[in-house]
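The chain contents come next:
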Amino acid sequence: METTLHFVAQWLEARTRFSNQLKTLHAVDLAKKLGDSPNSIGFLIRHIGDVELLFSKNVFGNSSVQVSAKTVISGHDTGEWTDLESLLAYVEESFSILHDTLVSQPDSVWSEVITTKEFGTKTKAEALGRIVSHTAYHAGQIAIIHKYGNS
């Protein structure tokens, strides 16, 4: 489990770029967008949660996960992600599920190869890099929108 714990520690540290921002948001911020950008802060928060749950289920094999990845299904911001409490609860749940899924992985799993339509063929270690970069990418968008965006 030593390898797994190292991967989990890296993911936890990287996710702070996202989770620390959640503490500074207010409900009015959720509708903010940057210029003509298609995504609001609320959409991006929900999207991160959706993808964490999809990774738990489809990449790391947690068959108990029930997910309706609405942001992935719609492919665009529908304007419905405006309830701060429910969004925070959703990403807390997605975090907990992904965390529990990751820590349950045996060390041997990280070199296993998985293929998905979203990002092709990767080892599970590379797939973890994908979720880390995905969350960090959108966390950066949230930070910029929060600072410079308009409702």
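Owing to the predicted nature of the structure, the values given are computational and were not obtained by experimental measurement. Every chain begins its residue count from 1, and numbering advances along the sequence as written. Confidence filtering applies because this is a predicted model: local features only for residues at pLDDT of at least 70, side-chain atom pairs given and counted only at 80 or more, and all residues used for totals across whole chains, interfaces and linings. The basis for the side-chain values is all heavy atoms of the structure; hydrogens and waters are excluded.

Draft legend 1. Expanded view of the packing of aromatic side chains. Two aromatic rings from Phe, Tyr or Trp, using only the six-membered ring of Trp, form a pair when their centres are within 6.5 Å; if the ring planes differ by under 30 degrees the pair is stacked, by over 60 it is edge-to-face, and anything between is tilted. Summed over the entire model, instances satisfying the criterion amount to 4 aromatic pairs. Ring plane angle 15° and centroid distance 5.3 Å describe the contact between Trp11 and Phe95, whose orientation is recorded as stacked. One end of the pair, Trp11, is in helix H1 (residues 2-22); the other, Phe95, is in helix H4 (residues 84-103), and 84 residues separate them in sequence. In textbook terms, an aromatic cluster arises when at least three aromatic residues are bridged by ring pairs, as seen for Phe7, Phe60 and Trp110. Per the convention used, a helix needs a DSSP run of H or I reaching at least four residues, while a strand needs a run of E reaching at least two, with both numbered from the N terminus.

Draft legend 2. The arrangement of the confidence of the model for the chain in detail. Per-chain confidence: the chain averages 95 in pLDDT, with 100% of residues scoring 70 or above. For the chain, the element scoring lowest by mean pLDDT is strand E1 (residues 113-116), at 92; H4 scores highest, at 98. Looking at any residue, its pLDDT shows the predictor's confidence there, from 0 to 100.

Draft legend 3. Region of the structure containing the pairing of strand E2 (residues 120-123). Pairing analysis gives 4 bridges linking E1 to E2, with the strands arranged antiparallel. Residue Ile114 lies in a different strand from E2, and its bridge partner there is Lys122. One bridge is not enough; two strands pair if DSSP finds at least two bridges between them.

Draft legend 4. Spatial organisation of H4. To estimate the expected span of a helix, subtract one from its residue number and multiply by 1.5 Å. Along its 20 residues, H4 runs 28 Å from first to last C-alpha, staying within 8% of the 28 Å computed at 1.5 Å per residue. Only protein chains enter the accessibility calculation, which uses a 1.4 Å probe; a residue is then buried when its area is under 20% of its type maximum, exposed when over 50%, and partly exposed in between. Buried within H4 we find Leu84, Leu87, Tyr90, Val91, Ser94, Leu98, Thr101 and Leu102. With its buried residues spanning 130° around the axis, H4 presents them on a single face. Each element contacted by the buried residues of H4 is listed here: H1, helix H2 (41-59) and helix H5 (124-148). The directions from the helix axis to the C-beta atoms are what the arc is built from. Contact criterion: two residues are considered in contact whenever any of their non-hydrogen atoms come within 4.5 Å of each other.

Draft legend 5. How the structure looks around the packing of H1 against H4. Axis separation between H1 and H4 bottoms out at 10 Å; the angle between their running directions is 170°. As summarised for this structure, H1 and H4 are arranged roughly antiparallel, according to the angle between their axes. For the pair H1 and H4, contact is made by Thr4, Val8, Trp11, Leu12, Arg15, Phe18 and Leu22 and by Leu88, Val91, Ser94, Phe95, Leu98, His99, Leu102 and Val103, respectively. Taken together, the residues of the contact of H1 with H4 break down into 11 nonpolar, 3 polar and 1 charged. For helices, the fitted line uses only the C-alpha atoms of the stretch in contact; every axis is such a line through C-alpha atoms, and the angle between N-to-C directions lies from 0 to 180 degrees. Angles below 35 degrees are treated as roughly parallel, those above 145 as roughly antiparallel, those between 65 and 115 as roughly perpendicular, and all remaining angles as oblique. Here the term charged refers only to Asp, Glu, Lys and Arg, the term nonpolar to Ala, Val, Leu, Ile, Met, Phe, Trp, Tyr, Cys and Pro, and the term polar to all other amino acids, Gly among them.

Draft legend 6. A look at a nonpolar patch on the surface. Residues with no salt bridge and a relative accessible area higher than 30% make up the patches, which join like charges within 9 Å and nonpolar side chains (Val, Leu, Ile, Met, Phe, Trp, Tyr) within 5 Å. Surface exposure here means Shrake-Rupley accessible area, sampled with a 1.4 Å probe, where a residue is shielded only by the protein chains that are shown. Take a side-chain nitrogen of Lys or Arg and a carboxyl oxygen of Asp or Glu: if they are within 4 Å of each other, that pair is a salt bridge. Where nonpolar side chains cluster on the molecular surface, the patch consists of Leu34, Ile144 and Tyr148 and spans about 290 Å² of accessible area. Mapped onto the fold, Leu34 is located in the loop between H1 and H2. Accessibility expressed as a relative area gives 34% for Leu34, which makes it partly exposed.

Draft legend 7. Geometry of the packing of H2 against H5. At their nearest, the axes of H2 and H5 sit 9 Å apart, and the two run at 170° to each other. Relative to H5, H2 is oriented roughly antiparallel. In this structure, H2 uses Ile41, Leu44, Ile45, His47, Ile48, Val51, Glu52, Phe55 and Val59 to contact H5, whose residues at the interface are Lys124, Ala127, Arg130, Ile131, His134, Thr135, His138, Ala139, Gln141, Ile142, Ile145 and His146. The class makeup of the residues in the contact of H2 with H5 is 12 nonpolar, 6 polar and 3 charged.

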